[in-house]
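Examination of the molecular architecture
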Amino acid sequence: MQGPLSAWLVKHGLVHRSLGFDYQGIETLQIKPEDWHSIAVILYVYGYNYLRSQCAYDVAPGGLLASVYHLTRIEYGVDQPEEVCIKVFAPRSNPRIPSVFWIWKSADFQERESYDMLGICYDTHPRLKRILMPESWIGWPLRKDYIAPNFYEIQDAH
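Since the model is a prediction, treat every value here as computed from it, not as a measurement.

Our focus in this paragraph is the sheet that holds strand S3 (residues 50-58). The pairing of strands in a sheet comes from backbone hydrogen bonds and takes either a parallel or an antiparallel form. Spatial strand order, S1-S2-S5-S4-S3: five strands in an open sheet with mixed pairing. The sheet is open, and its two borders are formed by strand S1 (17-21) and S3, each paired with just one other strand. Ignoring strand direction, the axes of neighbouring strands in this sheet form an average angle of 20°. Pairing analysis gives four bridges linking strand S2 (residues 27-30) to strand S5 (residues 82-91), with the strands arranged parallel. Considered in S5, the bridge of Gln30 is made with Lys87. Packed on one face of the sheet, helix H1 (residues 4-11) meets S1, S2 and S5 and runs near 40° to S2. Contacts from helix H3 (residues 107-118) reach S3 and strand S4 (64-73) within the one sheet, and its direction differs from that of S3 by about 0°.

See the structure below:
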């Protein structure tokens, strides 16, 4: 089922895939990484002026990584703002997605956390470095194929 935003994107020739609606009735769209930056700018101009959250997850061991954006269209005098969920999938071998930091400044720490936990590189992000783990940390802790280091060996060494 196609929602109003998906219909508007089709009308204007913008490539995407409708993923239907979530349990709250929020339209969910899939955008290719190479199309994400231009569509993000268009969505901002269209009125989606608030990035409510950005998160990422590992779809399956050895599979794709997903970056998820929850956008809200905030307007004066509107009690129920429009919301949309955008999913951008990237291959785990080279997970690169354009950063939306320059469109929504609130993406700063959220994209850094996704980089830190899953290793998704957000192109053009001004400070893409670890935010939770030490800089010396090896690996991406939230990937399903991540093997946790055995810290107990180090603790029991004395």
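The structure having been displayed, the exposition proceeds.
Moving on to the UniProt feature "domain: NADH:ubiquinone oxidoreductase 30kDa subunit" (unreviewed entry) in the protein. The positions that UniProt labels "domain: NADH:ubiquinone oxidoreductase 30kDa subunit" (unreviewed entry) are, in the present scheme, residues 30-148. End-to-end, the C-alpha atoms of residues 30-148 are 31 Å apart, and along that stretch the chain is 22% helix and 30% strand.

A few words now on the environment of Leu14. Mapped onto the fold, Leu14 is located in the loop between H1 and S1. Measuring from C-alpha to C-alpha, the distance between Leu14 and Leu142 comes to 32 Å, with 128 residues separating the pair along the chain. When residues no more than four places from it in sequence are discounted, the contact partners of Leu14 are Trp8, Leu9, Ile39 and Ile42.

At Thr124, a residue that is not glycine, the phi angle is positive and equals roughly 70°. With respect to the helices and strands, the residue Thr124 is situated in the loop between strand S7 (121-123) and helix H4 (151-155).

Let's shift gears to a nonpolar patch on the surface. Where nonpolar side chains cluster on the molecular surface, the patch consists of Val41, Tyr44 and Val45 and spans about 280 Å² of accessible area. Among the structural elements, Val45 can be located in helix H2 (residues 33-46). Relative accessible area serves as the criterion here: at 67%, Val45 is assigned to the exposed category.

Right, let's get into H1. By the burial criterion, the buried members of H1 are Leu5, Ser6 and Leu9. Burial along H1 is one-sided: seen end-on, the buried residues are contained in an arc of 100°. Turned more than 90 degrees away from the buried face of H1, the exposed residues are Pro4 and Lys11. The positive-phi residue at the C-terminal boundary of H1 is Gly13, with phi of around 70°.

So, about the nonpolar core. Counting 27 residues, the largest nonpolar core has Trp36, Tyr69 and Ile86 as the members making the most contacts within it. If you list the elements that add at least two residues to this core, you get H1, H2, S3, S4, S5 and H3.

The next thing to look at is the environment of Ile42. For Ile42, the position within the fold is in helix H2. Taking the C-alpha atoms as reference points, Ile42 and Leu9, 33 residues apart in sequence, are found 9.6 Å from one another. Dropping the residues within four chain positions of it, Ile42 is found in contact with Trp8 and Leu14.

Definitions and limits used
Residues numbered from 1 in each chain as written. Predicted model: local features only at pLDDT ≥ 70, side-chain atom pairs only at ≥ 80, totals over all residues. Heavy atoms only, no water. Pairing = 2+ DSSP bridges. Helix = DSSP H or I, 4+ residues; strand = E, 2+ residues; numbered from the N terminus. Axes fitted to C-alpha atoms, helices over the stretch in contact; angles between N-to-C directions. Contact = heavy atoms within 4.5 Å. UniProt positions renumbered as here; feature names shortened; annotations may be inferred. Patch = residues over 30% accessible without salt bridge, like charges linked within 9 Å, V, L, I, M, F, W, Y side chains within 5 Å. Areas by Shrake-Rupley, 256 points an atom, 1.4 Å probe, with all protein chains shown as cover. Salt bridge = Lys/Arg side-chain N within 4 Å of Asp/Glu carboxyl O. Buried < 20%, exposed > 50% of the residue type's maximum accessible area, 1.4 Å probe, protein only. Arc of directions from axis to C-beta. Core = buried A, V, L, I, M, F, W, Y, C linked by side-chain atoms within 4.5 Å.

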